[in-house]
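Close look at the chain arrangement
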Amino acid sequence: MDERSKRIIDTAIELATRDGYAAVRLREVAARAKVALGTVYKRFDSKEQILVAAMMQEGERLLTDFGAVPGETPAERAIGFFEVATSHFTRRPKLGKAILRAIAAGEGMTERVASLHALTTAMLVAAIGGHPPTEHREWGGDVDADVREIAQILQQVWFAALVGWAGDAFDADEVVEQVARAARRML
């Protein structure tokens, strides 16, 4: 990623963290990132694309910082993964809610959202297997298909629970509990 794109994303993160989804206006992003508005549009079609790119950037940071998840069983490790991921996602509530809104509202971002889901699935597969997700082998075909499918289903439960969190239906601990119940049954 080039320096201008990173500045644009970092600026959007700063604005969304402070004031939420509505604050991420492309003119404001351009002005604060000290780039021309055309530069923003050249790299991103919409604020939704910037926010999904922000989520990918945050996911990559989590991947770099993520070690092996402790736990005796695959279920304990999956729950541990979601505890860390949920904490990471909800620690800046306005940003987290802005990203969820962008994912739900954005058109033409299938590839970016699919990449985000693939990254999360890879980290979860690694956690279930008891190793750090530093190798991209989880992306390939050498992982048990059942484990990959379980990871994808658990990720969908997590996403649905995060939508509930964004709508103030429950707090971050309840997000983890939603996924924990599913993990215990599946693993």
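Residues numbered from 1 in each chain as written. Predicted model: local features only at pLDDT ≥ 70, side-chain atom pairs only at ≥ 80, totals over all residues. Heavy atoms only, no water.

Moving on, we get to the overall build of the protein chain. Each helix and strand in the protein chain was counted, giving nine helices and zero strands. Reading the helices (α) and strands (β) of the protein chain from amino to carboxyl end gives α-α-α-α-α-α-α-α-α. Rg of the C-alpha trace for the protein chain: 17 Å, near the compact-globule value of 16 Å for 187 residues, within the 12% margin. Projected onto the principal axes, the alpha-carbon positions of the protein chain cover approximately 50 × 35 × 25 Å. (Helix = DSSP H or I, 4+ residues; strand = E, 2+ residues; numbered from the N terminus. Rg over C-alpha atoms; globule rule 2.2 N^0.38 Å.)

What follows is about the layout of surface pockets. The space that makes up the largest pocket amounts to roughly 160 Å³. Along its surface, the largest pocket is lined by M1, S5, K6, I9, F44, A53, M56, Q57 and R112. If you list the elements that add at least two residues to the lining of the largest pocket, you get α1 (3-19) and α4 (47-65). (1 Å grid on protein atoms, 1.4 Å probe; cavity = no way out; pocket = protein on both sides within 12 Å on 5 of 7 lines; lining within 4 Å. Points joined across faces, edges and corners; volume = space filled by probe spheres on them.)

Core analysis: the biggest nonpolar cluster contains 61 residues, and I8, L51, F81, L124 and L154 have the highest contact counts within it. Those elements giving two or more residues to this core turn out to be α1, α2 (26-33), α4, α5 (74-90), α6 (93-105), α7 (110-129), α8 (145-166) and α9 (172-186). Tallying contributions element by element places α4 first for this core, with nine residues. The contact partners of L154, leaving out residues within four places of it in the chain, are A78, F82, L124, V179, A182, A183, M186 and L187. (Core = buried A, V, L, I, M, F, W, Y, C linked by side-chain atoms within 4.5 Å. Buried < 20%, exposed > 50% of the residue type's maximum accessible area, 1.4 Å probe, protein only. Contact = heavy atoms within 4.5 Å.)

Below, the discussion takes up the packing of α8 against α9. For the pair α8 and α9, interaxial distance at closest approach is 9 Å and the crossing angle is 155°. Relative to α9, α8 is oriented roughly antiparallel. Of the two possible hands of crossing, α8 and α9 adopt the one that is right-handed. Residues I150, I153, L154, V157, W158, A161, L162 and W165 of α8 form the contact with α9, whose participating residues are A172, V175, Q178, V179, A182, A183 and M186. Considering only residue class, the contact of α8 with α9 consists of 14 nonpolar, one polar and no charged. (Axes fitted to C-alpha atoms, helices over the stretch in contact; angles between N-to-C directions. Parallel < 35°, antiparallel > 145°, perpendicular 65-115°, else oblique. Left-handed = near helix turned anticlockwise from the far one by under 90°. Nonpolar A, V, L, I, M, F, W, Y, C, P; charged D, E, K, R; others polar.)

This next bit is on α2. Considered for burial, the residues of α2 that qualify are L26, V29, A30 and A33. Looking straight down α2, one finds that the buried residues subtend no more than 95° of arc, so they occupy a single side. Counted as exposed and oriented over 90 degrees from the buried face of α2: R27 and A31. (Arc of directions from axis to C-beta.)

So, on to the packing of aromatic side chains. Overall, the coordinates contain four aromatic pairs when judged by the stated rule. Taking 6.3 Å as the distance between ring centres and 70° as the angle between the ring planes, the aromatic pair formed by F89 and W158 counts as edge-to-face. Taken as a pair, F89 in helix α5 and W158 in helix α8 lie far apart in primary sequence, 69 residues in all. The burial state of F89 is the same as that of W158; both residues are buried. One aromatic cluster in this structure is built from F81, F82, F89, W158 and W165. Sitting over the ring of Y21, K47 keeps its end group 4.0 Å from the ring centre. In this structure, K97 packs its charged tip against the face of W165, placed 5.3 Å from the ring centre. (Phe/Tyr/Trp six-rings, centres within 6.5 Å; stacked < 30°, edge-to-face > 60°. Lys NZ or Arg CZ within 6 Å of the ring centre and 35° of its normal.)

The gaps of empty space that remain are located by a probe, the size of a water molecule, rolled over the atoms. Considering all chains together, one arrives at two cavities of 30 Å³ or more under this definition. In this model, the largest cavity occupies a volume close to 160 Å³. Forming the walls of the largest cavity are 16 residues, and the residues nearest its centre are M55, E58, G59, H88 and F89. For the lining of the largest cavity, the elements supplying multiple residues, two or more each, are α4, α5, α6 and α7. Grouping the amino acids of the lining of the largest cavity by side-chain chemistry returns 10 nonpolar, four polar and two charged. Computed from the structure, the second largest cavity encloses a volume of approximately 90 Å³. In terms of lining, the second largest cavity is formed by M55, F89, L100, I103, L116, H117, T120, Q155, W158, F159 and L162. Broken down by secondary-structure element, the contributors of at least two residues to the lining of the second largest cavity are α6, α7 and α8. Broken down by element, the lining of the second largest cavity gets its largest block of residues, four residues, from α8. Across the lining of the second largest cavity, the residue classes tally to eight nonpolar, three polar and no charged.

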